[in-house]
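Fold and geometry: a report
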Amino acid sequence: MRKIDPQSLETKEKVDWSQYIAVNAATAHPHYDREGAAYNLGNSYGRQGHFYNIIRVPPGEGSTDGADLNGAEILCSIPAANSRKPSYYHSFAMSENYVVFIEQPVKLDVLKFMLYRIQGKSLDNVMSWEPQLGTVFHVVDRRTGQACQCFYTSALQSLFDLSRSSSQATKRGYTDSLSKTRYYASAMFTLHQINAYEDSGHLILDMCCGDDGNVIGDFTVENLRRAAGEELDKFYNSLCTNLPRRYVLPLEVKEEEPNDQNLINLPNTTATAMKTSTGVFCTHENLYSDDLLEYGGLEFPQINYTHYNARPYRYFYACGFGHVFGDSLLKMDLEGKKLKVWRHPGLFTSEPVFVPAPDAKDEDDGVVMSVIITPREVSDHKFSSGRIRLYRFLPLDLPLYRERAPSSWFLTPRPSQSWAVLRYQWTSLVELMDCSMKWAKAKEPTDANET
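Heads up: these notes are all about the structure in this document. Not measured: the values here are computed from a predicted model.

**Concerning the overall build of the protein**
For the protein, the count of helices and strands is eight helices and 30 strands. In the protein, which comprises 451 residues, the proportion classed as buried is 48%. Contacts spanning at least 24 positions in sequence make up 61% of the contacts within the protein whose residues lie at least 6 apart. Split by element, the accessible area of the protein, about 22800 Å² in all, is 50% carbon and sulfur.

This is how it looks when you write it as structure tokens:
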């Protein structure tokens, strides 16, 4: 991974995880606990098989310019159900007490991966969608490392996989940490988690999901370069729609509980968890109303992470995908599943970032920032430098600006601005975030479109 100076945003040296801990890679979406420790998910592969490793990096001591990964440790290793075809993953979930790895039926063929890499071939054919395997939720106590064994939809395959996984775990010394409860669900595909928290003996998992994992192999350069119009429309219409879902996992499942009975007793969810002869089968609740479908579903969810990650929450923000690329910004209110939208023809949105106000009293008290891109044809393929524009967009209607100013603010580059210049100018962003709050208290900006 790359080290970035937090003050100047200067790109510094590379840091190799494997020099500190025995993993080959880690996700782009780490989590942080209240004490400042960082958690991530990495994989390892060897004679004993393929493992998904939950990594913990303790808080740094004092200020240092060096990489502080010396205390990194593998909290738990989860054996893949099939070492030759482990699951693809992009992120994971974490609540106050648990880390959740979702073993989904998007499989990576390790032999093909190694061969294609040597030959310099594209990796889009390395992954396969195998919905018959279902989806497995591995729940790990982040303080003790205790983890659940894997479970698959087919009872016969379940017995085989559990036996083999237990054998692999024994070799690595994790047998004693395996618990009896096994959570599983129908096949689904997920990239990003929204939030996870605990409530009255239940673990709530909110995430963006689709029903067809083949989509991950569809985003090739060839498809993205299709001509605008009928060709690109045909490609978009062939894609599955990712939508927000909620799964609820009961944390205590007693052996005497009858089968085929819903174990969820929370009043405000339609998600279910049924005990079966081989585990707990979970069905989801949709976290949206029909109006979201007008905007093509959503992805890249963000919350008020600082104050509400791993805790009960009400709002999340995301990109709407009315076409192949994000073309709207969404705010979802989970109380009533109410949606607010900003969308403008010809503008394409990036992943939103929520920045809470310094003196925030409400969950959505703050600003949402997104880089808004205006594509245009440039014959000479050269971009001239320019100033950064601040556009004000009304629809998200955050409480801070209902009370103090008439708009929310989004940082955007001009269409002609080079990204090198934008990266240089971005160094003032932290300063901008702080002063924008004070600015809103003082007065309305004289120029509403540019500063």
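**Focus: unusual backbone geometry**
Positive phi values are uncommon outside glycine, yet Leu9 reaches one of about 65°. Looking at the element boundaries, Leu9 is found in the loop between β1 (2-4) and β2 (11-14). In this model, Asp260 sits at a positive phi of 60°, which is unusual for a non-glycine residue. Within the secondary structure, Asp260 is located in the loop between β17 (243-250) and β18 (272-276).

**Let's talk about the environment of Arg343**
Tracing the backbone shows Arg343 in strand β24 (residues 338-343). What makes Arg343 partly exposed here is its relative accessible area of 39%. Separated by 13 residues in the primary sequence, Arg343 and Leu330 have C-alpha atoms spaced 8.8 Å apart. Apart from the residues within four sequence positions on either side, Arg343 is in contact with Glu294, Tyr295, Asp327 and Ser328.

**Looking at the sheet that holds strand β5 (residues 49-57)**
One open sheet holds the four strands; their spatial order is β3-β4-β5-β6, and the pairing between them is antiparallel. Each of the sheet's edge strands pairs with one partner strand only, and the pair in question is β3 (31-32) and β6 (73-79).

**Overview of the sheet that holds β17**
Taken together, the four strands give an open sheet; going across it, the order is β15-β16-β17-β20, and neighbouring strands pair in antiparallel fashion. Only two strands of the sheet have a single neighbouring strand rather than two, namely β15 (189-199) and β20 (285-286). In the sheet, β17 pairs with β20 via two bridges, with the strands oriented antiparallel. The partner of Arg246 across the bridge, within β20, is Glu285.

**Focus: the pattern of salt bridges**
Following the criterion strictly, the structure yields ten salt bridges and no others. Asp206 is the salt-bridge partner of Arg246, the closest N and O atoms lying 2.7 Å from each other. Separated by 40 residues along the polypeptide, Arg246 in strand β17 and Asp206 in strand β16 (residues 202-210) bring together distant segments of the chain. Each of the two residues, Arg246 as well as Asp206, counts as buried. Of the charged contacts, one joins Arg314 and Asp333 as a salt bridge, the two residues approaching to 2.8 Å between their closest N and O atoms. In this pair, Arg314 sits in the loop between α5 (305-308) and β22 (315-320) while Asp333 sits in strand β23 (residues 328-333), placing the two residues 19 residues apart along the sequence.

Conventions we followed
- Residues numbered from 1 in each chain as written.
- Predicted model: local features only at pLDDT ≥ 70, side-chain atom pairs only at ≥ 80, totals over all residues.
- Heavy atoms only, no water.
- Helix = DSSP H or I, 4+ residues; strand = E, 2+ residues; numbered from the N terminus.
- Buried < 20%, exposed > 50% of the residue type's maximum accessible area, 1.4 Å probe, protein only.
- Contact = heavy atoms within 4.5 Å.
- Areas by Shrake-Rupley, 256 points an atom, 1.4 Å probe, with all protein chains shown as cover.
- Pairing = 2+ DSSP bridges.
- Salt bridge = Lys/Arg side-chain N within 4 Å of Asp/Glu carboxyl O.

Read these as layout, nothing more, since geometry by itself doesn't imply function.
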